[in-house]
Amino acid sequence: MGSEEETKKKNEVFDAEAASLFVKELRGTFASGKTKSYGWRVSQLKSLMKMLNEREPDIVDALRQDLDKPELESSIYEVALLKTSIKSALKELKHWMTPEKAKTSITTFPSSAEIVPEPFGVVLIISPWNYPFLLSLDPVVGAIAAGNALVLKPSEVAPASSSLLAKLVGEYMDLSSIRVVEGAVAETSALLDQKWDKICYTGNSRVARIVMAAAAKHLTPVLLELGGKSPVVFDSGINLKVACRRMIMGKWGCNNGQACISPDHIITTKDFAPKLLESLKNELENFYGKNPLESKDLSRIVNSNHFARLSKLLDDDKVSGKIVHGGERDKNKLRIAPTLLLDVPRDSLIMSEEIFGPLLPILTVDKIEDSFDIINSGTKPLAAYLFTNNKKLKQQFVETVSAGGLVINDTAVHLAVHSLPFGGVQESGMGAYHGKFSFDVFSHKKAVLSRGFIGDVPVRYPPYTKGKLRLLKVLISGSLLGIIRALLGWSKA
Amino acid sequence: MAAAMGEIEDKLAELTQTFRSGITKSVAWRKNQLRALIELLQDNEDKIFKALHQDLGKHPVETYRDEIGLIKKSAKYALSCLDKWMAPKKRRLPLLFFPASGEVVSEPFGVVLICSAWNFPINLALEPLIGAIAAGNTVMLKPSELAVECASFLAETIPLYLDCKAIKVTNGGVDVCEQLLQQKWNKIFFTGNPRVGSIVMSAAAKHLTPVTLELGGKCPAILDTLSSPLDIKVTVKRIIGGKFASCNGQVCVGVDYILVEKKFAATLIESLKTTIKKFYGENPKDSKSISRIINEYHFERLRKLLEDPLVADAIVHGGLLDKENLFIEPTILLDPPLDAEIMTEEIFGPILPIITLNNIQESIEFINSRPKPLAIYAFTKDETFKKQIVSGTSSGSLIFNDTLVQQLCDVLPFGGVGQSGIGRYHGHYSFETFSHEKAIMQRSFFLELEPRYPPWNDFKMKFLRLAYDFDYFNLLLLLLGLKR
């Protein structure tokens, strides 16, 4: 393609009309039944796998451009996790696609019933900038496994990744059923104006409201994977070194705190805080050296907007003097060092919104149990973490803290466990995916009941009489004895 | 009795406080409420018969069959299954995380809003209520104001049996609905038409409140040509059962229209006429076994559908309208124009269009060119055709050789797709629809994997690649220094 053509293509505006055409084409493909076949789904999943196997260096490179993401994070937390997802889908797909038999009762005898999964149709997947490959393609795996056609709209805030995704999908996937639309607000709005059969959005709760409102116009079901202030409660009497290391990995080891399930802040007792702080400082230095701003093992802040946002949190009057570690910033390189703050006021800026960055406030309480009240007084987060050896505290945590998911004695790892549903509640989202949950969330489960022509019960039909009422009562109750008695005229009802 | 905004906010505050107290989480509380609900139905059967008769002219048999009986059954089923439903579900974790455990715990959303419809005013209020209670929520119930007596009954009787700090009823019209929708709920369950469903979901979007929408659609009945007269007889009875014999066609999963081959149409119509006569006598207007239209607005709506001259011409049976008694007799149409309103809008009344096709196979494309319905009914003995319908169409549910019976199945999910709804309920699906499935993973401090931590190097990269691939064999080799 010559550069003139390329420029022309770039200047073509993706408006509502263009979006509508896209959807029409994809609907045509879906109606042909192509995406429903097991063969198609397997071929697409295999193509995705091939793409990841062959193009990992390009992906690592794009992530370096967009986020300065360390190679290991890109290879493991984006590519490897995706491959696991695809492998598991390929292995289980036949089983997932098999209708589930349902046991019917005597009330509808004779009958047989099953629940048949079917694709919704044409789905829209909108993904964020922090894990641009994982959070684009993992939902895509689910959508394909369930037999849908789809449009993927990657985030413009990670432009190299967005561009690479568009290119790779074009090269490896079936373009009659799978498309990528790049762009920003205008393009997303054009897409949201269309009627989709399912929308999956990963991002923040403000935009999620816009997505759900747009979906409401067409009665489109949604999967919303949002975020929140995921708290970490530190009890005493634990293996502090291990706990701190695991916490650091969940925070700075995940895109430098720019992850939906990153520990947002710590809550611990006043007594334990000093020890905790010491340990955190030690391990941070072990991992990232004395000059973390220079460390190659930390992502940078994604762009100047977010850098300014995070700077503002640190410059807030209410938190001045609360920084106990780090705080260094490099505006040119968009880097902020791992920063710890102690006892920030609960009404400070840093405690009123999701941080999504390398800043970690530590709140202190008198009794560790008080931490649960603090957590429950806020909006429900996507994840909540607890480090403890106290069985009773664990139980209380599980019973009283409501969040998308809970992890005890580690952070963030539940992302990699496909037997657990991954999703939020209220402000942190609706719906869940990963593993079979991905297949389920992109499927409509159709109830199919099959009866014969025999076994017709006259009591169902008019003209209605008292006698019929008696018989009906026992029939609906499903009591075999009652039915026999009633039929023999022995019922007292 | 319309409620003021302040009253709604007060009620919501109390429901929130009750939920926070934790009382609804206990299995004892939930079981007590379910038992109380069963008692409510048993003690007030006659009152319910009377209310439904006043609101819709329903015969007690219909009321028992479609409302009381079903709710009793559901409540008993929930009682017997509750312990199982509430038990945490253990999940296997990859060996990589050993030692670790995983489970999924169902927890209530919190304070839920249930808006029910007027056609099955007891059933559609109490069936979701069973699910909400079983799942441990507090509830605000908003019955439809169109079924006046039933709405009153629910408002008066529920506080006498159920925990009034946790379950409240608010009655009123559109303005009350609007006020309720402005509040923040933890879940909204709505049964009604798609237009209002869309409004409900838009309101829910402001608070990121999850919704279950049980809507409607034009549910078709596909009639393959049947050879056995007995089969035809049963089919026709079941079709009438799924149309006129259930709230006189005012059912979301009622048969809206029939698709049949031209050559079979005459036989079908004859059989329908005979059976209608058998069920309702010579003058259905005098039959006590057939319901009335809910109100003047819907009566007029239905009358207008028949006013279209081309539609009026298609009437082959019935057509009697009695405004004073809000009665419309079972009416059959043969091939009304497909672009007439009667074929583009959900009928929700006792008018049954029969659409003829050259070949019954065409029914699949006919249905697919229209919005996805809540149910598809197909009467056929042809196993190949059955398979084609299963894989070739999409609907909330699909029933072969009967109508409406899916209501009786506690094990089948009941819900729509596309325009016919979002989400599902009945049986344990009711419990699920009112629960948040919380994932819990527990690890121990024992057994640390050093390569998990930076600073990064090639060895750690190799290690983690194998680890996330769950390639334990090669992982072991690597650790033993045997892998190159």
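Residues numbered from 1 in each chain as written. Chains lettered and ligands numbered in written order. Predicted model: local features only at pLDDT ≥ 70, side-chain atom pairs only at ≥ 80, totals over all residues. Heavy atoms only, no water.

Chemist: Sorry, what's going on with the overall build of chain A here?
Modeler: Secondary structure summary: chain A contains 16 helices and 18 strands in total. Oriented by its inertia axes, the alpha-carbon framework of chain A measures out at about 90 × 70 × 35 Å. Counting contacts in chain A only where the partners sit at least 6 residues apart, residues at least 24 apart contribute 71% of the total. Charged side chains of chain A number 63 positive and 55 negative; the gap between the two group centres comes to 10 Å. (Helix = DSSP H or I, 4+ residues; strand = E, 2+ residues; numbered from the N terminus. Contact = heavy atoms within 4.5 Å. Lys, Arg positive; Asp, Glu negative; His and termini not counted. Charge placed at Lys NZ, Arg CZ, Asp CG, Glu CD.)

Chemist: What is the right way to read the UniProt feature "active site" (unreviewed entry) in chain B from this model?
Modeler: Residues and elements named next belong to chain B. Feature annotation in UniProt places "active site" (unreviewed entry) on E214 and C252, given in this structure's numbering. In sequence the annotated residues extend across 39 residues, while in space they remain close, none of their C-alpha pairs exceeding 8.8 Å. Within the secondary structure, E214 is located in strand 7 (residues 211-214). Judged by its relative accessible area of 3%, E214 falls in the buried class. Leave out the neighbours within four places in its chain, and E214 touches F189, F190, T191, G192, F414, G415, S420, G423, R424 and Y425. Along the chain, the position of C252 falls in the loop between helix 9 (229-241) and strand 9 (257-261). (UniProt positions renumbered as here; feature names shortened; annotations may be inferred. Buried < 20%, exposed > 50% of the residue type's maximum accessible area, 1.4 Å probe, protein only.)

Chemist: What's the story with the sheet that holds strand 2 (residues 111-119) of chain A in this structure? I'm lost.
Modeler: Hydrogen bonding along the main chain pairs the strands of a sheet, whether they run parallel or antiparallel. Across the sheet, which stays open at both edges, the ten strands sit in the order 1(A)-2(A)-18(A)-16(B)-15(B)-8(B)-9(B)-14(B)-13(B)-10(B) with mixed pairing between neighbours. The open sheet has two edge strands, strand 1 (100-102) of chain A together with strand 10 (315-317) of chain B, and neither has a second partner. Taking the axes of each pair of neighbouring strands and ignoring which way they run, one obtains an average angle of 25° across the sheet. Where strand 1 of chain A meets strand 2 of chain A, three bridges bridge the pair, whose relative direction is antiparallel. Within the sheet, the bridge partner assigned to K101 of chain A lies in strand 2 of chain A and is E114 of chain A. On the sheet, helix 9 of chain B packs against strand 18 (443-451) of chain A together with strand 8 (220-223), strand 9, strand 14 (351-357) and strand 15 (375-379) of chain B and is oriented at approximately 165° with respect to strand 15 of chain B. (Pairing = 2+ DSSP bridges. Axes fitted to C-alpha atoms, helices over the stretch in contact; angles between N-to-C directions.)

Chemist: I tried to follow the domain arrangement of chain A on my own but got confused; where do I start?
Modeler: One frequently used descriptor of interface size is the decrease in accessible area upon assembly of the parts. The domain architecture assigned to chain A consists of domain 1 (16-226 + 435-445), domain 2 (231-427) and domain 3 (459-492). Put simply, the middle of domain 2 of chain A and the middle of domain 3 of chain A, counted by C-alpha atoms, are 63 Å apart. (Domains from an automatic or database assignment.)

Chemist: Any chance you could explain the UniProt feature "domain: Aldehyde dehydrogenase" (unreviewed entry) in chain A here in plain terms?
Modeler: Here, UniProt's "domain: Aldehyde dehydrogenase" (unreviewed entry) annotation points to residues 23-448 of chain A. Note that residues 23-448 of chain A is 42% helix and 18% strand, and that its end C-alpha atoms are spaced 29 Å apart.

Chemist: In this structure, what is going on with the side chain of K69 of chain A? I would like to understand it.
Modeler: Looking at where K69 of chain A falls in the secondary structure, it is placed in the loop between helix 3 (38-67) and helix 4 (71-97). If sequence neighbours within four positions are ignored, K69 of chain A has contacts with L63, R64, S74, E78, N130, Y131, N255 and S299 of chain A.

Chemist: Could you clarify how one ought to interpret the nonpolar core in this entry?
Modeler: Within soluble globular proteins, side chains that are nonpolar tend to cluster in buried spots. Core analysis: the biggest nonpolar cluster contains 112 residues, and I258 and Y377 of chain B have the highest contact counts within it. In terms of residue count, the dominant contributor to this core is helix 4 (residues 60-86) of chain B (eleven residues). Contacts of I258 of chain B, omitting those with residues within four sequence positions, involve A221, L223, I239, L268, L352, P353, I354 and I355 of chain B. Within the second largest apolar cluster, 111 residues are counted, among which are M49, V123, L152 and V242 of chain A. (Core = buried A, V, L, I, M, F, W, Y, C linked by side-chain atoms within 4.5 Å.)

Chemist: What should I look at first to understand the packing of aromatic side chains in this one?
Modeler: For any pair of aromatic rings, the description consists of the separation of the ring centres together with the inter-plane angle of the planes. Going through the model one piece at a time under the given rule, you end up with 20 aromatic pairs over all chains. Judged by centre distance (5.4 Å) and plane angle (15°), the ring pair of F287 of chain A and Y453 of chain B falls under stacked. Residue F287 of chain A is found in helix 10 (residues 273-288), and its partner Y453 of chain B is found in the loop between strand 18 (435-443) and helix 17 (458-468); the two belong to separate chains. For the pair formed by F287 of chain A and Y453 of chain B, the shared burial category is buried. When the ring of Y77 of chain B is compared with that of W85 of chain B, the centres are 6.0 Å apart and the planes differ by 65°; the resulting orientation is edge-to-face. Through a chain of ring-to-ring contacts, the aromatic side chains of F189, F414, Y425 and F434 of chain B assemble into a single cluster. (Phe/Tyr/Trp six-rings, centres within 6.5 Å; stacked < 30°, edge-to-face > 60°.)

Chemist: Sorry if this is basic, but what is going on with the interface of chain B and chain A here?
Modeler: The interface of chain B with chain A comprises 110 residues on the first partner and 103 residues on the second. For the pair chain B and chain A, the two sides together bury roughly 8700 Å², of which 62% comes from carbon and sulfur. Per-residue buried area on chain B facing chain A is highest for L208, F445 and Y468 of chain B; these three make up 11% of the total on that side. Linking chain B with chain A are nine salt bridges, by the criterion used here. In this structure, E56 of chain A engages R465 of chain B in a salt bridge whose closest nitrogen and oxygen atoms are separated by 2.9 Å. With four bridges connecting them, strand 18 of chain A and strand 16 (residues 397-400) of chain B associate as parallel partners. Note on strand 16 of chain B: the bridge partner recorded for V448 of chain A is L398 of chain B. (Buried area = accessible area lost by both parts, 1.4 Å probe. Salt bridge = Lys/Arg side-chain N within 4 Å of Asp/Glu carboxyl O.)

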